[in-house]
Amino acid sequence: MLVRTGLPLVALLLGACTLVGCAHSLTTVHWPRSTLDRSGLPTGMPWNDTSDLPNRTEILAGQLVIHADFPLAGQHRLVRDLETLRLDVSQKLGLPISDELVHLYVFERPDSYDAFAAKHFPHFPVRRAFFVETDTTLSVFAPWQDRIAEDLRHETTHGYVHAVVPTVPLWLDEGIAEFFELPRGEQGLHRDHISHLSGRMLEGTCRIDLPRLESLESAGELSQDHYAESWAWVHWMLETTAPRRTLLQNYLADLRRDGKTAPLSARLTQLEGSPSACTASVRAHIEAVAALPQK
Ligand SMILES: [Zn+2]
């Protein structure tokens, strides 16, 4: 299932948490490639044990292989939605379509999912869904519950992106997943993040600081402020001007070739004139989207 070759786990992105201790449903945890090695692997990782993975239904949907432990129709709207997401992510980010399979393991019962996560990832925080990247596989694990569509869009976005750009900076990885977790047609307008950032602005505690985001290396450092700000930078780049969108696309293309390419903040400073001009523009963008009428 996860690693057939016994190679080290390289990244684990944990999606929305509702089960323990986390007030915000969008909290995500990421173990970057550089922070994990063999000795850091969770004990009991079932490299060859697939017995408790969902296996009643298997659906091939484009790049996705969806495994469920209940009857799930291949024409289910969510399946089609996730298949469409592949093209949306590719087109919006200017990334090629990959044929690398992304496995989605969907548990009918939350307690089955909890037991699986506790058994195989005992040292990781409990989350509502998670994405695992190894040297050889891309996998998503999630229980079927009220917010399954949002959770699977978020985690599957990680899968589609990592299939072609394995070394995305943590903040950008999450900002992109937050953008695409929303239903199609909402142009990535994340109302929860907008209201969070608006509240911070009213309080005078809203910090917009891309170099700070770029310095984040471990998921444990990521707060709701970081998620909301990451989303805001991504939305600003993708939904305001063509040069900003192109800049993000070019950055991702460069990351594909060289994971250590010049950071996005340096490129944006060149485009916008100064770091303060970037920050002011993102702030203005947040205010503008906050003023949009609710659908
Ligand atoms: Zn995520």
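Quick notes on the rules
Residues numbered from 1 in each chain as written. Predicted model: local features only at pLDDT ≥ 70, side-chain atom pairs only at ≥ 80, totals over all residues. Helix = DSSP H or I, 4+ residues; strand = E, 2+ residues; numbered from the N terminus. Expected span 1.5 Å × (residues − 1). Buried ≥ 20, exposed ≤ 12 C-beta atoms within 10 Å, placed from the backbone. Axes fitted to C-alpha atoms, helices over the stretch in contact; angles between N-to-C directions. Parallel < 35°, antiparallel > 145°, perpendicular 65-115°, else oblique. Contact = placed C-beta atoms within 7 Å. Nonpolar A, V, L, I, M, F, W, Y, C, P; charged D, E, K, R; others polar. Core = buried A, V, L, I, M, F, W, Y, C linked by C-beta atoms within 7 Å. Domains from an automatic or database assignment. Pairing = 2+ DSSP bridges. Right-handed = clockwise from strand over helix to strand, strands pointing away. Arc of directions from axis to C-beta. pLDDT = per-residue confidence, 0-100.

**Student:** Which parts of the structure should I look at to understand helix α7 (residues 224-239)?
**Tutor:** Three or four residues apart is the spacing at which side chains of an α-helix point the same way, because the helix has 3.6 residues per turn. With 16 residues, α7 extends 22 Å from end C-alpha to end C-alpha; this agrees with the ideal 22 Å at 1.5 Å per step. Where burial is concerned, most of α7 is hidden: 12 out of the 16 residues are buried. Every buried residue belonging to α7 is among H226, Y227, A228, E229, S230, W231, A232, W233, V234, H235, W236 and M237, and all of these are buried.

**Student:** Hey, could you run me through the packing of helix α9 (residues 264-272) against helix α10 (residues 275-290) in this one?
**Tutor:** Two numbers describe a pair of packed helices, the interaxial angle and the distance between the axes. Two elements in contact, α9 and α10, have axes whose closest approach is 8 Å; the angle formed by their N-to-C orientations is 90 degrees. Between α9 and α10, the angle falls in the class roughly perpendicular. Residues S265, L268, T269 and E272 of α9 touch α10, and the partners they reach there are P275, A277, C278 and S281. A breakdown of the residues in the contact of α9 with α10 according to their chemical character gives four nonpolar, three polar and one charged.

**Student:** Which parts of the structure should I look at to understand the nonpolar core?
**Tutor:** It is characteristic of soluble globular proteins that their nonpolar side chains tend to be buried jointly. If you look at the biggest cluster of nonpolar residues, it comprises 62 residues, and the most contacted ones within it are I66, L104, V106, V140, F141 and A232. In terms of residues, this core owes the most to one element, α7, which gives eight residues. Three or more residues apiece are contributed to this core by two domains, here domain 1 (9-166) and domain 2 (191-290). Ignoring anything within four residues of it in the chain, the contact list for L104 reads L64, I66, H67, V140, L152 and T156.

**Student:** I keep staring at the pairing of strand β4 (residues 64-68) and nothing clicks. Help me out?
**Tutor:** The side chains of a regular strand alternate between both faces of the sheet. For β4, a buried count of four out of five residues is recorded, marking the element as mostly surrounded by other parts of the structure. In terms of strand pairing, strand β3 (residues 57-61) meets β4 through five bridges, oriented antiparallel. Paired with E58 across the bridge in β4 is H67. Taken together, β3 and the strand that follows it, β4, pair antiparallel across an intervening segment of two residues, in which G62 is found at a positive phi of about 65 degrees. Summarising the sheet, β4 and strand β5 (residues 102-107) pair through five bridges and their orientation is parallel. In the sheet register, H67 faces β5, and the bridge partner there is Y105. In this fold, β4 hands off to helix α1 (residues 77-93), which returns the chain to β5; that crossover is left-handed.

**Student:** It is not clear to me how unusual backbone geometry should be interpreted in this structure. Could you clarify?
**Tutor:** Where the residue is not glycine, phi is negative for most of them; where a peptide bond is considered, it is trans in most cases. Non-glycine residue Q187 carries a positive phi angle of around 50 degrees. Topologically, Q187 is positioned in the loop between α4 (170-180) and α5 (191-203). Look at Q187 and you get exposed, because 11 C-beta atoms sit within 10 Å.

**Student:** It is not clear to me how the environment of S98 should be interpreted in this structure. Could you clarify?
**Tutor:** Structurally, S98 can be placed in the loop between α1 and β5. A residue is classified by how many C-beta atoms lie within 10 Å of it, and S98, with 18 of them, is partly exposed. Between the C-alpha atoms of S98 and V164, which are 66 residues apart in sequence, the distance is 6.4 Å. What S98 contacts, discounting residues up to four positions off in sequence, is Q63, A163 and V164.

**Student:** Got a minute to help me understand α10 in this structure?
**Tutor:** Between its first and last C-alpha atoms α10 spans 23 Å; for 16 residues at 1.5 Å apiece the expected length is 22 Å, and the two agree. Residues of α10 that are buried: C278, V282, I286 and V289. All buried residues of α10 fall inside an arc of 75 degrees around its axis, so they share one side. For α10, the exposed residues lying more than 90 degrees away from the buried face are S276, A284 and A288.

**Student:** Looking at this model, I keep getting lost on the confidence of the model for the protein. Mind explaining?
**Tutor:** Low-pLDDT portions of the prediction should not be read for the details of their coordinates. The share of residues in the protein with pLDDT of 70 or more is 83%, and the mean pLDDT across the chain is 84. pLDDT under 50 marks residues 1-10. Its contacts with residues more than four places away, or in other chains, come to 35 contacts. Under a pLDDT of 50 for its full length, residues 15-47 has, in the predicted model, 83 contacts with residues more than four places off or in other chains.

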